[in-house]
Amino acid sequence: MKKIAVIGAGTMGNGIAHVFAQNNFSVNLIDVSQPQLEKAFNIIEKNLERQLAKNIISADTKNKTLANIASFTSIERGVSQCDLAIEAATENESIKLKIFKELDELSPASCLLASNTSSISITKIASATHRPEKVIGMHFMNPVPVMKLVEIINGYSTQKEVTDTIIAISQKIGKIPCVVNDYPGFIANRILMPMINEAIFSLYENVAGVEEIDTVMKLGMAHPMGPLQLADFIGLDVCHAILTVLFEGFGNSKYAPCPLLTNMVHAQKLGVKTGEGFYKYTVGSKDRIVSDRFR
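Residues numbered from 1 in each chain as written. Predicted model: local features only at pLDDT ≥ 70, side-chain atom pairs only at ≥ 80, totals over all residues. Heavy atoms only, no water.

Asker: What is the right way to look at the overall build of the protein in this model?
Answerer: When you go through the protein residue by residue, the secondary structure sums to 12 helices and 10 strands. Over its C-alpha atoms the protein spans a radius of gyration of 19 Å, differing by no more than 12% from the 19 Å that the globule rule assigns to 295 residues. Expressed as lengths along the three principal axes of its C-alpha atoms, the size of the protein is roughly 55 × 45 × 35 Å. Long-range contacts, defined here as pairs at least 24 residues apart, represent 65% of the contacts in the protein between residues at least 6 apart. A gap of 5 Å separates the mean positions of the 29 positive and 29 negative side-chain charges of the protein. (Helix = DSSP H or I, 4+ residues; strand = E, 2+ residues; numbered from the N terminus. Rg over C-alpha atoms; globule rule 2.2 N^0.38 Å. Contact = heavy atoms within 4.5 Å. Lys, Arg positive; Asp, Glu negative; His and termini not counted. Charge placed at Lys NZ, Arg CZ, Asp CG, Glu CD.)

Asker: Hey, could you run me through the nonpolar core in this one?
Answerer: Phe20, Leu84, Met138, Phe140 and Ile166 are the most contacted members of the largest nonpolar core, which has 34 residues in total. Non-local contacts of Leu84, meaning those with residues more than four positions away in its chain, are made with Met1, Lys3, Ile4, Ala5, Phe20, Cys111, Leu112, Ala114, Met138, Ile166 and Ile169. Counting residues in each nonpolar core, the second largest holds 27 residues, with Ile196, Ile200, Val265 and Leu270 among its members. (Core = buried A, V, L, I, M, F, W, Y, C linked by side-chain atoms within 4.5 Å. Buried < 20%, exposed > 50% of the residue type's maximum accessible area, 1.4 Å probe, protein only.)

Asker: Looking at this structure, how should I read helix H12 (residues 259-266)?
Answerer: Every α-helix winds through 3.6 residues per turn, so residues three or four apart in the chain are directed the same way. Among the residues of H12, those classed as buried are Leu260, Leu261, Met264 and Val265. Down the axis of H12, the buried set is contained in an arc of 135°. They therefore lie on one face. When the buried face of H12 is taken as reference, the exposed residues oriented beyond 90 degrees from it are Asn263 and His266. In this fold, the buried residues of H12 make contact with helix H8 (188-204) and helix H11 (236-250). (Arc of directions from axis to C-beta.)

Asker: Would you mind showing me how to read the environment of Thr158 here?
Answerer: Tracing the chain through its elements places Thr158 in the loop between strand S7 (149-154) and helix H7 (160-172). Expressed as a C-alpha distance, the spacing of Thr158 and Val79, which sit 79 residues apart in the sequence, is 21 Å. Setting aside its immediate chain neighbours within four residues, Thr158 contacts Pro132, Glu133, Val135, Ile136 and Thr163. Of the polar contacts made by the side chain of Thr158, one reaches the backbone oxygen of Val135; its length is 2.7 Å. One polar contact links the side chain of Thr158 to the main-chain amide nitrogen of Gly155, over a distance of 2.8 Å. (Polar contact = N/O pair within 3.5 Å; in protein donor to acceptor, adjacent residues only side chain to side chain.)

Asker: How do you make sense of the environment of Val283 when you look at a structure like this?
Answerer: When you line up the elements, Val283 lands in the loop between strand S9 (279-281) and strand S10 (288-290). Owing to a relative accessible area of 83%, Val283 belongs among the exposed residues under this scheme. A sequence separation of 12 residues divides Val283 from Gly271, and the C-alpha atoms of the two residues are 12 Å apart.

Asker: Please clarify how the UniProt feature "domain: 3-hydroxyacyl-CoA dehydrogenase NAD binding" (unreviewed entry) in the protein should be interpreted in this entry.
Answerer: What UniProt calls "domain: 3-hydroxyacyl-CoA dehydrogenase NAD binding" (unreviewed entry) maps, in this numbering, to residues 3-182. Within residues 3-182, the helical portion is 43% and the strand portion 22%, while the C-alpha atoms at the span's ends are 27 Å from each other. (UniProt positions renumbered as here; feature names shortened; annotations may be inferred.)

Asker: Is there a simple way to think about the domain arrangement of the protein in this case?
Answerer: When the parts of a complex come together, some accessible area is lost, and that lost area is often used as the size of the interface. Domain annotation of the protein identifies domain 1 (3-181) and domain 2 (187-290). Each of domain 1 and domain 2 has a C-alpha centre, and these two points are 26 Å apart. Listed per partner, the contact involves eight residues of domain 1 and six residues of domain 2. On the domain 1 side of the interface with domain 2, the three residues burying the most area are Ser118, Ser119 and Glu151, jointly 50% of the side's total. Run the count over domain 1 and domain 2 and you get zero salt bridges. At the junction of domain 1 and domain 2, the tally comes to three residue pairs in polar contact (both at pLDDT 80 or more). When its residues are assigned to classes, the side of domain 1 that touches domain 2 shows three nonpolar, four polar and one charged. (Domains from an automatic or database assignment. Buried area = accessible area lost by both parts, 1.4 Å probe. Salt bridge = Lys/Arg side-chain N within 4 Å of Asp/Glu carboxyl O. Nonpolar A, V, L, I, M, F, W, Y, C, P; charged D, E, K, R; others polar.)

Set out below in structure tokens:
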């Protein structure tokens, strides 16, 4: 495999493109928005400069990485000669099904199709194609250039040869693959999201404050980031969407999103990306303070 298409130039998409390009793959980064593609390139360049400043990469590697990435606003042009297409669009089932239908129609028959979904069924996604045996999940962790794990999800029909190929390609880009099966939330979010939801319930029920909850989990459980800060980092809308998938998939009330989380999503207090969630964030700074709502 030499040519990779990444569909979606948001946070995850630009990170995936960065990692593949840095490891000498030719990458077509695809997004319907030209401004989003330009923003993605700027982010990739800044992240490479950060790596360069820390002596993680050389100036030559930085230049080659950027040269390995081409941008497209057309899926048809971007995937026409690719060996692997990785969808990294919004965590929305209907959007993903539409993209995979297009990928199936427009990419070579030999092209493997992967989704970076964090919770949506790979089997359901594969049903939008005529090649379900070539559809697989590649759930990267954020930030992609830093985090080592790739959760590889087998759909109901995914061929073993496809899984083996994705394991090998994950290792080639310096990641540690972990293979799981296709059930709601897979492993990462089936365990993580109920913990975050329980932290939000603890705040909602006034058991403890924002900083107290995060401090207990950081100092008591050796978590690098407290669950409420992590929820802000992930995006409260994303947390809510994943919990909804778990709730609907298992039909178990223990996965139902906390009413406080639902209200915050409705209020567009989504965390870092909107400047406020459980904490308030200053643009261009790592500083944060507890939101006025929770003081």
